[in-house]
Amino acid sequence: MTASLYRAVAFDLDGTLVDSIADLAAAANAMREALGMAPLPQARICTHVGDGVATLVHRALTDAHDGEAPQALWEQGFALFVQHYRTHLADHTRPYPGVTEALGLLKQLQLPLAVVTNKSSRLAMPLLEQLGLAGYFCMVLGGDSLPEKKPSAMPLLHVAEQLALKPGQLLMVGDSANDVLAARAAGCGAAVVAYGYADAATLGADHIVTSLVELYDLLKNESH
């Protein structure tokens, strides 16, 4: 993929645009406490993030990446997690350094910007609004917006279709294997941030950026 192909950018949310681990961990441990379980270290919960809240609840209840809690326990845990999290979305969550500046620069290039996250849209939209980021995006797709979520190609193909673009004209910017796998499956470009929740060098992306501001230099030819 060459930068000259890109006509729009889709961003992951957690670990890419915002550092939300502290609030996610607090919600997970509030859930565990309510169920009589000991808290997990924040760093441990960080390893469980990336596939949406439903999966995070399974992992936080079992403390296993492939763990699956009994249905009744999961339903109780999910309700407790969401009850806590939706009222504490941005207690500690903040955009990463350079994010607001980068979004402003990309808007100057008149490139459509979207969010494609596995977080429920019912949580993602309020979080973007509380952090003052919602206005930068023409579209926000959550893990519950379509029948499939990342690493499926479906969300990125939907974004490209809605913007009347070929998939190869869309750049997906994320921090996880799910982001790169979705981009590859859809035929989109893939960029990852070096500061995210995974080791960027192992993800096989087309581009690695240490700050989203670097995307401006990558994409500035799009305005000509």
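Quick caveat, the model's predicted, so the values are computed rather than measured. (Residues numbered from 1 in each chain as written. Predicted model: local features only at pLDDT ≥ 70, side-chain atom pairs only at ≥ 80, totals over all residues. Heavy atoms only, no water.)

S.K.: Help me understand the pairing of strand β4 (residues 113-116), please; the structure alone is not making it clear to me.
M.R.: The side chains of a regular strand alternate, residue by residue, between the two faces of the sheet. Side chains Leu 113 and Val 115 of β4 all project onto a buried face; the interleaved residues Ala 114 and Val 116 project onto the opposite face, where all are buried too. Strand direction decides the pairing type here: strand β1 (residues 8-11) and β4, joined by 3 bridges, are parallel. Its bridge partner being in β4, Ala 10 is matched across the sheet by Ala 114. Summarising the sheet, β4 and strand β5 (residues 139-141) pair through 3 bridges and their orientation is parallel. Looking at β5, one finds that Val 115 is bridged to Val 140. A crossover connection joins β4 to the parallel β5 through helix α6 (residues 121-130); in handedness this β-α-β unit is right-handed. (Buried < 20%, exposed > 50% of the residue type's maximum accessible area, 1.4 Å probe, protein only. Helix = DSSP H or I, 4+ residues; strand = E, 2+ residues; numbered from the N terminus. Pairing = 2+ DSSP bridges. Right-handed = clockwise from strand over helix to strand, strands pointing away.)

S.K.: Honestly, the sheet that holds strand β8 (residues 207-209) in this entry has me stumped. Any pointers?
M.R.: In a beta sheet, neighbouring strands pair by backbone hydrogen bonds and run either parallel or antiparallel. Sheet architecture is open: 6 strands sit in the order β5-β4-β1-β6-β7-β8, paired in parallel fashion. At either margin of the open sheet sits one strand with a lone partner, and together these are β5 and β8. Strand-to-strand twist across the sheet, computed as the mean angle between neighbouring axes with direction ignored, equals 25°. Along the sheet, helix α8 (residues 177-186) makes contact with β6 (170-174) and β7 (189-193), crossing β7 at roughly 170°. (Axes fitted to C-alpha atoms, helices over the stretch in contact; angles between N-to-C directions. Contact = heavy atoms within 4.5 Å.)

S.K.: Would you mind going over the UniProt feature "active site" (unreviewed entry) in the protein chain with me for this structure?
M.R.: Per the UniProt annotation, the sites labelled "active site" (unreviewed entry) are Asp 12. Following the sequence through the fold, Asp 12 ends up in the loop between β1 and β2 (18-19). A polar atom in the side chain of Asp 12 sits 3.1 Å from the side chain of Thr 16. (UniProt positions renumbered as here; feature names shortened; annotations may be inferred. Polar contact = N/O pair within 3.5 Å; in protein donor to acceptor, adjacent residues only side chain to side chain.)

S.K.: When you look at the packing of helix α1 (residues 21-34) against helix α4 (residues 71-85) in this model, what are you seeing that I'm missing?
M.R.: The packing of two helices is summarised by the inter-axis angle and the distance between the axes. Where α1 contacts α4, the two axes come as close as 8 Å, and the packing angle between them is 135°. Classified by the angle their axes make, α1 and α4 are oblique. You can see that α1 and α4 cross each other, and the crossing is right-handed. The residues of α4 that touch α1, namely those facing Asp 23, Leu 24, Ala 26, Ala 27, Ala 28, Ala 30, Met 31 and Ala 34, are Gly 77, Leu 80, Phe 81, His 84 and Tyr 85. The residue inventory of the contact of α1 with α4, partitioned by class, reads 10 nonpolar, 2 polar and 1 charged. (Parallel < 35°, antiparallel > 145°, perpendicular 65-115°, else oblique. Left-handed = near helix turned anticlockwise from the far one by under 90°. Nonpolar A, V, L, I, M, F, W, Y, C, P; charged D, E, K, R; others polar.)

S.K.: Whenever I open this one, the nonpolar core confuses me. Can you help?
M.R.: Nonpolar side chains tend to gather and get buried jointly when the protein is soluble and globular. Counting residues in each nonpolar core, the largest one holds 53 residues, and the members touching the most others are Phe 11, Phe 81, Phe 137 and Leu 212. Per-element accounting of this core gives the leading share, 6 residues, to α1. Among the nonpolar cores identified, the runner-up in size contains 22 residues, and Ala 153, Leu 156, Ala 182 and Ala 190 belong to it. (Core = buried A, V, L, I, M, F, W, Y, C linked by side-chain atoms within 4.5 Å.)

S.K.: Would you mind going over the layout of surface pockets with me for this structure?
M.R.: Vacant regions in the atomic arrangement are exposed by a probe of water-molecule size rolled over the atoms. Considered as a void within the structure, the largest pocket measures approximately 390 Å³ in volume. Looking at the largest pocket, it is lined by 25 residues, and the ones nearest its centre are Val 49, Gly 50, Asp 51, Ser 176 and Asn 178. Elements with a minimum of two residues in the lining of the largest pocket: α3 (53-62) and α8. Classifying every residue of the lining of the largest pocket gives 9 nonpolar, 8 polar and 8 charged. Taken as a whole, the second largest pocket holds about 240 Å³ of empty space. Along the walls of the second largest pocket sit 13 residues, with Val 53, Phe 78, Ser 120, Arg 122 and Asp 144 positioned nearest its centre. Elements represented by at least two residues in the lining of the second largest pocket include exactly α3, α4 and α6. Sorting elements by how many residues they give to the lining of the second largest pocket places α4 first, with 3 residues. Looking at the lining of the second largest pocket residue by residue, the class counts come to 6 nonpolar, 4 polar and 3 charged. (1 Å grid on protein atoms, 1.4 Å probe; cavity = no way out; pocket = protein on both sides within 12 Å on 5 of 7 lines; lining within 4 Å. Points joined across faces, edges and corners; volume = space filled by probe spheres on them.)

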